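Structural overview
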Amino acid sequence: MAVTIYGLGCKSTKKAKQWMINNQIPFVERDIKKDPLTVPELQDILRLTMEGTDDIIAKRSSHYQKVEVDFDDLSLVELLEMIQEQPKFLKSPIIVDRNKLQVGYNADEIRQFLPRKTRKFQLLNWTKENLQPIEW
């Protein structure tokens, strides 16, 4: 299954896309300003989070700060419908495949999307180049 990058066209989304291209990982990009996530898609993303909506909502954004709504008083469905209407509430990018999730761009964490064989090969090369055998 291809990786999906949900983004707002920000610098972090562009970095994630370039990383995928450089590492030859097939991905699908979706501009969530033009094509917002549906409530079921948001629920699928939440299924992969550790902290629920706290992981995906950009609480420090000016868009979030301007809203005069107490998010804690909303039901989950109401909150997801609000996010669907206002995608700028989301952090960007949100990178997903079948069972992996990364919110925002992080150069170390994005490696989780590399195939396991590639990660093992890179580790072996690094080990060979950086570790010296111990002489007794």
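Details of the sheet that holds strand β3 (residues 94–96)
Strands sit in the order β2-β1-β3-β4 across an open sheet of four strands; the sheet is mixed. Each edge of the open sheet carries a strand with a single partner, namely β2 (27–31) and β4 (101–103). Across the sheet, the axes of successive neighbouring strands diverge by a mean angle of 15°, strand direction being ignored. With five bridges joining them, strand β1 (residues 3–7) and β2 adopt parallel strand pairing. Paired with T4 across the bridge in β2 is V28.

What to know about the confidence of the model for the protein chain
Looking at the protein chain, the pLDDT average stands at 89 and 96% of residues meet or exceed 70. When mean pLDDT is taken per element in the protein chain, β3 scores highest with 97 and helix α6 (residues 116–130) scores lowest with 71.

Thoughts on unusual backbone geometry
Residues S92 and P93 are joined by a peptide bond in cis, for which omega reads 0°. Counting through the fold element by element, P93 comes out in the loop between α5 (76–85) and β3. With a phi angle near 55°, Q24 is a residue other than glycine that sits in the positive phi range. Along the chain, the position of Q24 falls in the loop between α1 (11–22) and β2. Residue class for Q24 comes out exposed when judged on its relative accessible area of 72%.

A short note on helix α2 (residues 39–47)
Within α2 the residues assigned to the buried category are V39, L42, I45 and L46. Buried residues in α2, looked at end-on, bunch into an arc of 115°, giving them a common side. The inward-facing, buried residues of α2 contact β1, α3 (53–56), α5, β3 and β4.

Analysis parameters
All chains use their own residue numbering, which begins from 1 and follows the written sequence. Local features in this predicted model are restricted to residues of pLDDT 70 or higher, and side-chain atom pairs are both shown and tallied only at a pLDDT of 80 or more, whereas totals for entire chains, interfaces and linings draw on every residue. Where side-chain values are given, they derive from all heavy atoms of the structure, hydrogens and water being excluded. For two strands to count as paired, DSSP must find a minimum of two bridges between them. For helices the rule is a DSSP run of H or I covering at least 4 residues; for strands it is a run of E covering at least 2, with both sets numbered from the N terminus onward. Geometry is summarised by axes, namely lines fitted to C-alpha atoms with helices restricted to the contacting stretch, and by angles between N-to-C directions that run from 0 to 180 degrees. Scored from 0 to 100, pLDDT reflects the predictor's confidence in each residue. Buried, partly exposed and exposed residues are distinguished by accessible area as a fraction of the type maximum, computed with a 1.4 Å probe on protein chains only: under 20%, between the cut-offs, and over 50%, respectively. Along the arc lie the directions from the helix axis toward the C-beta atoms. Contact definition: two residues touch when any of their heavy atoms are within 4.5 Å.

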